[in-house]
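What follows is each chain in one-letter form.
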Amino acid sequence: MRAVVLALLAAGCVKTGLPGRSHRGALPAADDALAESTARIGAHVHALAADIGRRSPVTSAKGLDRAEDYVADALTAQGWEVVRQPVEKSHDNLIATLPGSDGSLAPVVVGAHYDTAAYTPGADDNASGVASLLEIARAMRDDRPLRTVIFVAWTHEEPPNFATPFMGSVAHAQSVGEVHAALSIETIGMYSDARGSQHYPFPFSVLYPNRGDFIGFITNTRSRRLLSRVGRTFRTTEPFPSRGAAGPRWITGLDWSDHRSYWSIGAPALMVTDTALFRNPHYHEPSDTEEVVDPERIARVTRGLVAVVRDLASD
Ligand SMILES: [Zn+2]
């Protein structure tokens, strides 16, 4: 098996690692700003996963409607003008745009899906990602970037809409034009310091540690330059364990989120993730409740992502 992995690495179609070193040891003490961010993130996860619960067009279209209103209201309260892009029936993508000073440059897209699989309250998948998206938008409200930044909460990521024209991110990618970089914040809430808490699809199973205490940056071979840049910025700004991987699409799970929709228009795009089912035994289960996720570690990852988005929008 190792020989196959080495061959893939040598051929350049699998890239492992990120520039610099992953943070090791205890996380630094939380300052006031991090504590406040943690509280906001915890409140968003509670509202989506506990108060609303299922957000599936299959089992709870009403929950999906309530989530849509919750996210739109949260963005409006931050001062954004929210544009609704109809996707299917009454379900919309929610878009807030931070204009860049050079409107001729392709934008940066940052998003998270707010729907859930059919029978789960989706705290990790993906209230955690939506909470992070809302917190990034909040942090950047008064920024004046060079490139336009588009914040988008996608609907209809989960089956039966995944990879169909009714997937929210497909609708957005097909309408947005050229994209400089797209980030999908997908299931970022669960962490464990225990050995054996992390699994991987082949070939990464041979290459990575078995402790699920890190955030992952996952992409395709074509987006490996974006992966390096994102990894460098994250590691130099946020003391939090991180891992990265780029590989061909046949690797299980590599394209299991909305970043795939931007690959389809030729844009560099990656997924930010705790690796979902490769770590979280509650993935897509009724037990994916708010107790599963760690708002403080989400807040730390989010702080790093703010630096990442600012960097991507700066040239
Ligand atoms: Zn998801």
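First, a word on scope: everything that follows refers to the structure included in this document. This is a predicted model, so every value here is computed, not measured.

1. Things to note about the side chain of Asp258
Link 1 in the chain: Structurally, the position occupied by Asp258 is in the loop between β8 (242–247) and α7 (259–263).
Link 2 in the chain: A distance of 2.6 Å separates polar atoms of two side chains, one belonging to Asp258 and the other to Ser169.
Link 3 in the chain: Residues contacting Asp258, with those up to four places away along its chain left out, are His113, Trp154, Glu157, Met167, Ser169 and Ser184.

2. With respect to the pairing of strand β6 (residues 181–185)
Link 1 in the chain: Taking burial as the measure, the 5 residues of β6 include 5 buried ones, the bulk of the element.
Link 2 in the chain: Judged from the 4 bridges that link them, strand β4 (residues 108–113) and β6 form a sheet pairing that is parallel. By the bridge assignment, Gly111 is partnered in β6 with Ser184.
Link 3 in the chain: Here 4 bridges tie β6 to strand β9 (residues 269–273), and the two strands are oriented parallel to one another. Among the inter-strand pairings, Ala182 is bridged to a residue of β9, identified as Ala269.

3. Considering the coordination of the zinc ion
Link 1 in the chain: At the metal site, the zinc ion is ligated by His113 (NE2), Asp125 (OD), Glu186 (OE) and Glu186 (OE), and these contacts range over 2.0 to 2.6 Å.
Link 2 in the chain: The coordination sphere of the zinc ion comprises 4 donor atoms, whose angles at the metal cover 55 to 147°; the geometry is irregular.
Link 3 in the chain: Counting the intervening residues between successive donors of the zinc ion yields the motif H-x11-D-x60-E. Of the two residues, His113 is situated in strand β4 and Glu186 in the loop between β6 and β7 (215–220); the sequence distance between them amounts to 73 residues. An identical accessibility class is assigned to His113 and Glu186; each is buried.

4. As for the side chain of Asp213
Link 1 in the chain: Note on placement: Asp213 falls in the loop between β6 and β7.
Link 2 in the chain: Buried and unpaired, Asp213 has no salt bridge, with Arg211 as the nearest side chain of opposite charge at 4.8 Å.
Link 3 in the chain: The residues contacting Asp213, other than those within four sequence positions of it, are Tyr191, Ser192, Asp193, Phe240, Pro241, Arg279 and Arg297.

5. Here we look at the nonpolar core
Link 1 in the chain: In terms of nonpolar packing, the biggest core is built from 60 residues, with Val110, Ile136, Phe151, Ile215 and Phe217 touching the most fellow members.
Link 2 in the chain: Once residues within four sequence positions are removed from consideration, Ile136 is found in contact with Val110, Phe151, Ile185, Thr302, Leu305, Val306 and Val309.
Link 3 in the chain: Counting 12 residues, the second-largest nonpolar core is a separate cluster that includes Val152, Trp154, Tyr262 and Ala269.

6. Observations regarding the packing of aromatic side chains
Link 1 in the chain: One pass over the full model with this rule turns up 4 aromatic pairs.
Link 2 in the chain: Ring plane angle 65° and centroid distance 5.3 Å describe the contact between Phe217 and Phe234, whose orientation is recorded as edge-to-face. With Phe217 in strand β7 and Phe234 in helix α6 (residues 224–237), this residue pair connects regions lying 17 residues apart in the sequence.
Link 3 in the chain: If you follow Arg141 out to its NZ or CZ, it ends over the ring of Trp80, 4.2 Å from the centre.

7. Some words on helix α3 (residues 61–77)
Link 1 in the chain: End to end, α3 covers 24 Å across 17 residues, agreeing with the expected 24 Å (1.5 Å per residue, within 8%).
Link 2 in the chain: Buried residues belonging to α3 abut α2 (32–52), β2 (83–88), β3 (91–98), α4 (123–139) and β5 (149–154).
Link 3 in the chain: Positive backbone phi, at 105°, marks Gly79, one or two positions downstream of α3.

8. Some thoughts on the environment of Val149
Link 1 in the chain: Relative to the helices and strands, Val149 is located in strand β5.
Link 2 in the chain: With 12 residues separating them along the chain, Val149 and Ala137 place their C-alpha atoms 9.5 Å apart.
Link 3 in the chain: In this structure Val149 touches Ala96, Thr97, Leu98, Val108, Val110, Met140, Val309 and Ala313, once residues within four positions along its chain are discounted.

Procedures and definitions
- Residues numbered from 1 in each chain as written.
- Predicted model: local features only at pLDDT ≥ 70, side-chain atom pairs only at ≥ 80, totals over all residues.
- Heavy atoms only, no water.
- Helix = DSSP H or I, 4+ residues; strand = E, 2+ residues; numbered from the N terminus.
- Polar contact = N/O pair within 3.5 Å; in protein donor to acceptor, adjacent residues only side chain to side chain.
- Contact = heavy atoms within 4.5 Å.
- Buried < 20%, exposed > 50% of the residue type's maximum accessible area, 1.4 Å probe, protein only.
- Pairing = 2+ DSSP bridges.
- Donors = N, O, S within 2.8 Å, 3.2 Å for Na, K, Ca; no water.
- Tetrahedral: all angles 85-135°; square planar, octahedral: opposite > 155°, others 65-115°.
- Lys, Arg positive; Asp, Glu negative; His and termini not counted.
- Salt bridge = Lys/Arg side-chain N within 4 Å of Asp/Glu carboxyl O.
- Core = buried A, V, L, I, M, F, W, Y, C linked by side-chain atoms within 4.5 Å.
- Phe/Tyr/Trp six-rings, centres within 6.5 Å; stacked < 30°, edge-to-face > 60°.
- Lys NZ or Arg CZ within 6 Å of the ring centre and 35° of its normal.
- Expected span 1.5 Å × (residues − 1).

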